[in-house]
Every structure is written in structure tokens, then in C-alpha cells.
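Results of the structural survey
Take a look at the letters that make up each chain.
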Amino acid sequence: MGTGEHKQTAPGHLDIGVLSISTTRSLAEDKSGHWISRQSKKEGHRVMCHRVIPDDATIIAETVREVLRDLSPHVLLLTGGTGISPRDVTIEAVRPLLSKELTAFAVLFTQLSFEEIDSAALLSRAMAGIIDNAVVFCMPGS
């Protein structure tokens, strides 16, 4: 199936889950998560959940599995915990859950980040892939 056929059969509106990874922020202080939710709704998508969870690999993996099992979103967006400090474990928690990794996402994300923040883009990480029937994106929180 070509890209044209994919676009014709793709749903017009998606069910989206948003998970912000932070040990220091609350839901009220979650600027990135609120921005993602607003933009998703503005584009006509349904935000099924928006949660803030701590930088803990076990909690991240369990929450991802729980949201996918209980809510069945088309897309799960994780923001935060993708840097290079020891506490940044989002990618390490999610990668083992993937059935397929969408490797081009990280490259494209880095390219776009480089255009905006120059060489600081090299200190950030992004990843995307498939878990069950959902597309999961791990992105920086800033």
C-alpha cells in the first residue's frame, strides 16, 4: 500500500494519550503536556488522558502498558525524561516494549531541533515506535 492509500484509509481524528515525565512538576505546572493537549484538541483529536508520572523506568513502563490496555489510544505521546542525565530513563523504559521502532523520527526530530537550538540538540534524545496497535512517541519536555 502506497502513501496515498494510507492517507485515504487513515482516521481523520485520533484518540491521544499524553504522559509527562517529571519528578519535579505537577499536572498544573506541566507546560509541555498542556501545550501538547491543546494542540491535539485544536487539530480535532481527542485527548483521552493527560498524566504526570515520575522519572522511574518501572513506573513509566507500567503506565504506558496500562494506558494502552485500558484506553486503547491511537497515539501515546510522552514528553520529558529523554535527556542525558542519569534520571532520564524514558527511552530506556519504553524501547523494550516496542514491536517496531520508527528510527527516522529521532533523526528528523534532531534535525528540526538543531535548526532551532543549534548544537544543544545533540544533548537531547527522541524515539518513536509501535506498541500493540498504537504509535508511541518519546520527546523532550522542553
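In what follows, the accompanying structure is described. Since this is a predicted model, take the numbers as computed values, not measurements. (Residues numbered from 1 in each chain as written. Predicted model: local features only at pLDDT ≥ 70, side-chain atom pairs only at ≥ 80, totals over all residues. Heavy atoms only, no water.)

1. Notes on unusual backbone geometry
Trans peptide bonds make up the majority, and among non-glycine residues the majority have a negative phi. Going by this rule: Helical segments are the DSSP runs of H or I of at least four residues, strand segments are the runs of E of at least two, and each set is numbered from the N terminus. Each residue is assigned to one of three classes by its accessible area relative to the maximum for its type, calculated with a 1.4 Å probe on protein chains only: buried under 20%, partly exposed between the two thresholds, exposed over 50%.
Its identity as a non-glycine residue notwithstanding, serine 72 has a phi of 50°, on the positive side. Within the secondary structure, serine 72 is located in the loop between helix H3 (57–71) and strand E3 (75–79). Given a relative accessible area of 51%, serine 72 falls into the exposed group. Positive phi is not limited to glycine here, since aspartate 132 has a value of about 55°. One can find aspartate 132 in the loop between strand E5 (127–131) and strand E6 (134–139).

2. So, the side chain of aspartate 30
How we decide: We score Asp and Glu as negative and Lys and Arg as positive, and we do not count His or the chain ends. Salt bridge criterion: a side-chain nitrogen from Lys or Arg within 4 Å of a carboxyl oxygen from Asp or Glu. Pairing of N or O atoms within 3.5 Å defines a polar contact, subject to two protein rules: one partner must be a possible hydrogen donor and the other a possible acceptor, and residues neighboring in sequence count only if both atoms are side-chain atoms. Here, two residues are considered to be in contact whenever any of their heavy atoms come within 4.5 Å of each other.
Structurally, the position occupied by aspartate 30 is in the loop between strand E1 (15–21) and helix H2 (31–42). No salt bridge is formed by the buried aspartate 30, whose closest oppositely charged neighbour, arginine 25, lies at an N-O distance of 4.1 Å. A polar contact is formed between the side chain of aspartate 30 and the side chain of histidine 50, at a distance of 2.6 Å. Not counting the four nearest positions on each side in its chain, aspartate 30 is found in contact with Ser20, Arg25, His50 and Val52.

3. Describing the layout of surface pockets
The line we're drawing: Note on definitions: the grid is 1 Å and covers protein atoms alone; a cavity is a set of points where a 1.4 Å probe fits but cannot get out; a pocket is an open set with protein on both sides within 12 Å along at least five of seven lines; lining residues have an atom within 4 Å of a point. Grid points are joined across faces, edges and corners, and a volume is the space filled by probe spheres set on the points. Each residue gets one of three labels, nonpolar for Ala, Val, Leu, Ile, Met, Phe, Trp, Tyr, Cys and Pro, charged for Asp, Glu, Lys and Arg, and polar for the others, Gly among them.
When its volume is computed, the largest pocket comes out at roughly 1000 Å³. Forming the boundary of the largest pocket are 36 residues, of which Thr79, Phe109, Met139, Pro140 and Ser142 lie nearest the centre. When contributions to the lining of the largest pocket are tallied by element, the ones reaching two or more residues are E1, H2, E3, helix H5 (103–117) and E6. Residues that form the lining of the largest pocket fall into these classes: 15 nonpolar, 16 polar and five charged. Computed from the structure, the second largest pocket encloses a volume of approximately 220 Å³. Lining the second largest pocket are 11 residues, with Ala10, Pro11, Leu14, His74 and Val135 sitting closest to its centre. Its residues assigned to classes, the lining of the second largest pocket shows seven nonpolar, three polar and one charged.

4. Examining the pairing of E3
Going by this rule: Any two strands with at least two DSSP bridges between them are considered paired.
Along E3, five of the five residues are buried, which leaves the element largely enclosed by surrounding structure. Alternating residues of E3 divide into Val75, Leu77 and Thr79 and Leu76 and Leu78, and every residue in both groups is buried. Both E1 and E3 contribute to a ladder of five bridges, which runs parallel. Paired with isoleucine 16 across the bridge in E3 is valine 75.

5. Brief notes about the packing of aromatic side chains
What counts here: Only Phe, Tyr and Trp rings are paired, with Trp represented by its six-membered ring, and only when their centres lie within 6.5 Å; those with planes under 30 degrees apart are stacked, over 60 edge-to-face, the remainder tilted.
Under the counting rule described, the total for this entry stands at two aromatic pairs. With a centroid separation of 5.7 Å and an interplanar angle of 55°, the aromatic rings of phenylalanine 105 and phenylalanine 109 are classed as tilted. Linking phenylalanine 105 with phenylalanine 109, this pair stays in helix H5, spanning four residues, or about one helical turn. Judged by relative accessible area, phenylalanine 105 falls into the buried class, the value being 19%. Residue phenylalanine 109 is classed as partly exposed on the basis of its relative accessible area, which comes to 24%. With a centroid separation of 5.0 Å and an interplanar angle of 70°, the aromatic rings of phenylalanine 105 and phenylalanine 137 are classed as edge-to-face. Of this pair, phenylalanine 105 sits in helix H5 while phenylalanine 137 sits in strand E6; the two residues are 32 residues apart in sequence, bridging distant segments of the chain.

Honestly, it's all geometry; don't read function into it.
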